[in-house]
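A structural walkthrough
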Amino acid sequence: MPRPALLVDSGFSAAPIFRAAERHRWSMAVIGNNPDAYLHRLTDQSHHEDYSLPAALAAIVEEHGYKALIPGCTDASYLSCAHIAADFGFPGIDTLENTRRILTKSGFRQLCEQLMVPAPTSFTPETALQQSSGVIVKPVDAHSGQGITSLKKGDKTALRRALDKARAQSAGGEAVIESLVEGQLFSTSLFVRNRKPVRSFLVEEHCLRDSYAVSVSRVVEETPGENRSAVEQDLLKIANHLKLVDGLLHLQWIEGNNDRYWHIELTRRCPGDLYARLIELSTGFDYAAAYAAPFLGRHIEEDCTSTRDDPVNVRRFTVLGKPGSVLENLRFASAQAPLEFHPLIPVGGRIGATGRAGILFCPIDEEADNPETAEEAHALSYYIQTREPGERA
């Protein structure tokens, strides 16, 4: 008989995790306070509650007797799970102290400094004004580029405004100021067991419209500076120092000139925007199943099989339209069929403030189309057609 498990997410990006747990004969329930979220419609075992409140999450777990707790694709989800996991004996989730050290930007910077892991330098407001190379101001605990401002010169008024903006996006009203580092953005996903590597993936990421929100990505084997191995060793150093539990470590990092690199953000939850699906389409590896394994009491190696020997070149696009416009259709610039399109709004739906209309996975024929930039890859793949409300044809 299937055992009951709770996935602490209801968004579309957590769907691969939901399905992976179902394949292992778990009866899946979800939680989230957006009644229109995808997973609420996929199951009748759903709780319309705010999972960022640990007490509310604990009450639901106790009332329904869930035997497994799976964090979803948000930091708030993992943090709430870390609050209650020890009380219920749920496996696969780090201590609350370690979770906070990893998830808060200030805590992670202190950890990197302690372990001599490359990361941007933190400043006070006073020392930030003295930096000629520029600084970046961020909320301590926000994500997806929200509340971030980069400043190129020591402008006291601009710095105050940037701090106000960042604090407004932080649940705790806190912000950090860091050195502005520039280069190519990458992410590394490293699965560990007993703090030893099991499988890793490297993804090249680009931010086309919003400088701090990824819109194009693809799996790659190495970086121009050949820093993949060094970054993975850094992650193992962190895992051993904190004695982290088995599972995923997911890092965003930047590679600059002269082979330098900096750790930007680390998390232990599954990335959003169907990142798991990008890995599976590109490599055949069931990323979602490997992620879910420790929370279900399984060894990661049990779910580390791959259905493909040779990786294929797949790009993931966040389909973006003008905020406030109405979605009409999505047209493809190439005769080559896309692999998958996951719409986030219906035809005729109004595009929200982020501009996000869907997630698209496209194969790239390297012989026919070999784009040198993310912008060229975008142009070779699709364009979105929208209309302003009241606009005439």
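Residues numbered from 1 in each chain as written. Predicted model: local features only at pLDDT ≥ 70, side-chain atom pairs only at ≥ 80, totals over all residues. Heavy atoms only, no water.

**Some words on the overall build of the protein chain**
Looking only at helices and strands, the protein chain has twelve helices and 18 strands in total. Put simply, the protein chain has 393 residues, and 50% of those count as buried. Restricting the contact set of the protein chain to residue pairs at least 6 apart, pairs at least 24 apart contribute 64%. (Helix = DSSP H or I, 4+ residues; strand = E, 2+ residues; numbered from the N terminus. Buried < 20%, exposed > 50% of the residue type's maximum accessible area, 1.4 Å probe, protein only. Contact = heavy atoms within 4.5 Å.)

**Notes on the sheet that holds strand 6 (residues 135-139)**
Ordered by their spatial adjacency, four strands build an open sheet running 5-8-6-7, and the pairing between neighbours is antiparallel. On the outer flanks of this sheet lie strand 5 (122-123) and strand 7 (149-151), each paired with one strand and no other. Note that strand 6 and strand 7 share three bridges and pair antiparallel. Pairing of Val-135 across the sheet is with Leu-151, part of strand 7. Docked against the sheet, helix 8 (residues 156-168) engages strand 6, strand 7 and strand 8 (175-179), running at close to 25° with respect to strand 6. (Pairing = 2+ DSSP bridges. Axes fitted to C-alpha atoms, helices over the stretch in contact; angles between N-to-C directions.)

**Overview of the sheet that holds strand 17 (residues 356-363)**
Sheet architecture is open: eight strands sit in the order 13-12-9-10-11-14-17-16, paired in antiparallel fashion. Two strands bound the open sheet, and with one partner strand each, they are strand 13 (261-267) and strand 16 (340-343). Direction aside, the axes of adjacent strands within the sheet are offset by 20° on average. In this structure, strand 9 (residues 184-193) lies alongside strand 12 (residues 247-255), joined through nine bridges in antiparallel fashion.

Keep in mind these values describe shape, not function.
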